[in-house]
Amino acid sequence: MDYYLSQAINGICQGSIYALMAIGYSVVVGVVGLVTFTHGEVIMLGAFASFYTFQLVGNNLIIGVIASFLASAFIGVFVFKICYERFFNAPRHISLICTIGTSMLLRNLAQIIFGPNNKPLLEVVPNRFFGQGVVGLTLVQIIVIATVISLSFLLFLFFNRTRWGIMLRAVSQDKTAAAMMGINVRLTSLLGNSIGCGLGGVAGMLLAIYYQTLVATMGGSAGMKAFSSAVLGGLTNIPSAAAGGLCLGIVENLGITISSASFRDIFAFIFLLLVLIVKPEGFAKKTGVRP
Amino acid sequence: MACILEAQSICKYFGGLKAVEKVDMQIEEGKIFGIIGPNGAGKTTFFNICSGMYRPTAGRILFEGKDITGMPPEAIARLGIARTFQNIQLFRYMTVLENVKIGFHIRTRSGFLNALVRDRRYREEERFIENEARAVIEKVGLSPYVDTLASNLPYGLQRKVEIARALALKPKMLLLDEPVAGMNPLETRELSEFIIRLNAEGYTIVVIEHDMKFVMNTCHHILVLNFGQKICEGNPAEVRRNKAVNEAYFGKGLVVGGVS
């Protein structure tokens, strides 16, 4: 029983990383109006940005968060310029295919620049344990959860309290009407895309700290998890996407307690399939959609 | 009377289709200007050119003497041209109040830090916007629906939300694309009265409409388009008598000299 409980706690922690990735993913999908395949690469680059920052300035987590956010946000600008900016009025699959290509480009560039091997990222956070017996939290887990919660809170404030947040929500709901209200759709989408990517970058850093390792090809599975979590949440609904990420993490970790750790992804994707069969719109409530 | 919007031989082609062909138009400040014509006559295309959604193939648009041809829509909106859409384009997942507040929000100053600490400037601005938005909603008669999600409102009321949102921009000129489509006769008359009242407050209003009774009773001046070309222009009485207009709507009589 204790084992299951501690695995559930691990699940919550891992789920909160997925949640952050999914939040970023939902923000991106919201503003560009299309699923993206570069998110995994953005996450990977965020992880590498923090890796080199830690090497440069020592293990300072706050600087690491800022560096990974900024690096990934910058990649977000790059992705936006290549994949979206010219294709706002083009058929939607053009942007989609463009993101697939960009993702391949980024992944292979990363393998050339950073090398194809796993890199260790040890002892960023001292290995401390709080709790009784097997049930408890390590310091890493506390930091991960705290980072995710505080970033989500900041994002919530940004979206609901600021002019830019309101403009972003307007753009993600109706680009034409937003333009008519004097909102610069291009700039706002660029900003939203960068924020979404930045959050993905921080998630990448947390992933690297949590597993104490990073590799140029980590984006593939990370991006898939971000996508699955966001789909669970109905793609553009941010709180539901976060809930989706959390569920995915917990299901994965409970799944591997009854089998082997190599079946991790099987549980995640079977869970996704089951939810989509039962509730195709994901967790999000349909808020008054008219046909 | 000063001319607020001037179109100089505007053309818009989509491939081989001449949606708008050499249309000249002068809209006087403080008037209600109607644009009518059969379906596909190029009325909405013409609106899209005025509001910056399309770039005209040829010709110029002057707003208050300033050339706005090819400017992005958001810049034109900031200059003071607000519009509504034929197929309603509201922010569906926002309440009526939020929809209207967006128009005010783009002019506020406070940033993220102000919002984070909720300082005085932020709170004052928020209160100001809230009050202004409620006043606009009151004006169009949507007060009971302030907190309703826009997509949950019936069609006729959604149109009013669009008008309220356009008014939030404090425009000099209001472009209304088929504002009474889907309204019953009573609602139509109310909206007509409302538009006349707005006009009395100083808004210049351009309206596209199929409802002839509405157009004839509301507009001071009417432009008739057919197949992208201007076929007639004048006050309601003149337009009603015009032969080309009757032909465009009812077809040519088979008997020489007309049916009547």
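Scope of this entry: the structure provided in the associated data block. These figures come from a predicted structure and were not determined experimentally.

A count of helices and strands for chain B gives ten helices and ten strands. Its C-alpha atoms give chain B a radius of gyration of 20 Å, within 12% of the compact-globule value 18 Å for 260 residues. For chain B, the spread of C-alpha atoms along the principal axes amounts to about 80 × 40 × 35 Å. With 260 residues in all, chain B has 52% of them scored as buried. Intrachain contacts of chain B at a sequence separation of at least 6 include 66% that bridge at least 24 residues. Accessible area for chain B stands at about 12,200 Å²; split by element, carbon and sulfur atoms hold 52% of it. Placing the 34 positive and 29 negative side-chain charges of chain B at their respective mean positions leaves the two points 2 Å apart.

Attention now moves to the pattern of salt bridges. Applying the stated criterion across every chain yields a total of 20 salt bridges over all chains. For Glu98(B), the salt bridge is made with Arg169(A), and the minimal N-O distance between the two is 3.5 Å. Here Arg169(A) lies in helix α6 (residues 163-173) and Glu98(B) lies in helix α3 (residues 96-105), a pairing that spans two chains. Given the relative accessible area of 26%, Glu98(B) is considered partly exposed.

Every contact between the two is made by 33 residues of chain B and, on the other side, 25 residues of chain A. Taken together, both faces of the contact between chain B and chain A bury some 2,800 Å²; the carbon and sulfur share is 63%. Linking chain B with chain A are one salt bridge. One can count four residue pairs in polar contact (both at pLDDT 80 or more) joining chain B with chain A. When contributions to the side of chain B that touches chain A are tallied by element, the ones reaching two or more residues are α2 (73-79), α3, α4 (112-117) and α6 (155-168) of chain B.

Residue and element names in this part refer to chain B. If you walk through the whole model with that rule in mind, you get two cavities of 30 Å³ or more. Taken as a whole, the second largest cavity encloses approximately 40 Å³ of empty space. Residue lining of the second largest cavity: Ile49, Cys50, Gly52, Tyr54, Pro56, Ile61, Ile68, Thr69, Gly70, Met71 and Ile76, and that is the complete set. Its residues assigned to classes, the lining of the second largest cavity shows eight nonpolar, three polar and no charged.

Let's shift gears to the sheet that holds strand β8 (residues 204-208) of chain B. All names here are of chain B. The mixed open sheet is built from six strands, whose spatial order is β6-β7-β8-β3-β9-β10. One side of each edge strand has no neighbouring strand; the edge strands of this open sheet are β6 (81-83) and β10 (229-234). Along the sheet, successive strands turn relative to each other by an average axial angle of 20°, direction set aside. Relative to β10, strand β9 (residues 221-226) runs antiparallel, the two sharing five bridges. When the bridges of β10 are listed, Ile222 appears paired with Gly234. On top of the sheet, helix α10 (residues 243-250) reaches β3 (32-36), β9 and β10; it is set at about 125° to β10, its chief contact.

Attention now moves to the packing of helix α2 (residues 39-57) of chain A against helix α9 (residues 219-232) of chain A. Residues and elements named next belong to chain A. Between α2 and α9, the least distance of the axes is 7 Å, while the angle of their chain directions is 120°. It follows that α2 is oblique to α9 by the angle criterion. Like other packed secondary-structure pairs, α2 and α9 cross with a definite hand, here right-handed. Between α2 and α9, the residues in contact are His39, Gly40, Glu41, Ile43 and Met44 and Gly219, Gly220, Ala222, Gly223 and Ala226, respectively. Of the residues assigned to the contact of α2 with α9, the class counts are four nonpolar, five polar and one charged.

Within a sheet, adjacent strands bond to each other through the backbone by hydrogen bonds, running parallel or antiparallel. Residues and elements named next belong to chain B. Spatially, β2-β1-β4-β5 is the arrangement adopted by the four strands of the open sheet, whose pairing is antiparallel. Of all strands in the sheet, those bounded by a partner on one side alone are β2 (17-28) and β5 (66-67). Where strand β1 (residues 3-14) meets β2, eight bridges bridge the pair, whose relative direction is antiparallel. Paired with Ile10 across the bridge in β2 is Val23.

Further remarks concern the environment of Ala226(A). All names here are of chain A. Among the secondary structure elements, Ala226 is positioned in helix α9. C-alpha of Ala226 to C-alpha of Gly200: the two residues are 26 residues apart in sequence and 8.8 Å apart in space. With residues up to four places along the chain from it excluded, the contact list for Ala226 reads Met21, Ala22, Tyr25, His39 and Ile43.

Cut-offs used in this document
Residues take numbers from 1 onward in each chain, read along the sequence in its written order. Following the order in which they are written, the chains are lettered starting with A and the ligands numbered starting with 1. Confidence filtering applies because this is a predicted model: local features only for residues at pLDDT of at least 70, side-chain atom pairs given and counted only at 80 or more, and all residues used for totals across whole chains, interfaces and linings. Note: side-chain values were computed over all heavy atoms of the structure, leaving out hydrogens and water. Note on conventions: DSSP H or I runs of at least 4 residues are helices, E runs of at least 2 residues are strands, and numbering of each starts at the N terminus. Note on method: radius of gyration uses C-alpha positions; expected globular size equals 2.2 Å times residues raised to 0.38. The rule is simple: take the accessible area with a 1.4 Å probe, protein chains only, and divide by the maximum for that residue type; under 20% is buried, over 50% is exposed, in between is partly exposed. Whether two residues touch is decided by their heavy atoms; if any such pair falls within 4.5 Å, the residues are in contact. Method for areas: the Shrake-Rupley scheme with a 1.4 Å probe, in which residue coverage is limited to the protein chains shown. Counting rule applied: Lys, Arg positive; Asp, Glu negative; His and chain ends not counted. By convention, the point assigned to a charge is CZ for Arg, NZ for Lys, CD for Glu and CG for Asp. Criterion for a salt bridge: a side-chain nitrogen of Lys or Arg within 4 Å of a carboxyl oxygen of Asp or Glu. By definition, the buried area sums, over both parts, the 1.4 Å-probe accessible area that each loses when the two are put together. Any pair of nitrogen or oxygen atoms within 3.5 Å is treated as a polar contact; in protein, a donor-acceptor pairing is required on top of that, and neighbouring residues in sequence qualify only through side-chain atoms on both sides. Cavities and pockets are found on a 1 Å grid laid over the protein atoms alone: a cavity is a set of points where a 1.4 Å probe fits but cannot escape, a pocket is an open set with protein on both sides within 12 Å along at least five of seven lines, and a lining residue has an atom within 4 Å of such a point. Grid points are joined across faces, edges and corners, and a volume is the space filled by probe spheres set on the points. Throughout this entry, Asp, Glu, Lys and Arg are counted as charged residues, while Ala, Val, Leu, Ile, Met, Phe, Trp, Tyr, Cys and Pro are counted as nonpolar. The remaining residues, Gly among them, count as polar. A pair of strands counts as paired when DSSP detects no fewer than two bridges linking them. Helix axes are fitted to C-alpha atoms over the stretch in contact, other axes to C-alpha atoms as well, and angles between N-to-C directions run from 0 to 180 degrees. Throughout this description, any angle smaller than 35 degrees is read as roughly parallel, any larger than 145 degrees as roughly antiparallel, any in the 65 to 115 degree range as roughly perpendicular, and the remainder as oblique. Rotating anticlockwise by less than a right angle from the far helix to the near helix defines a left-handed crossing, while the corresponding clockwise rotation defines a right-handed one.

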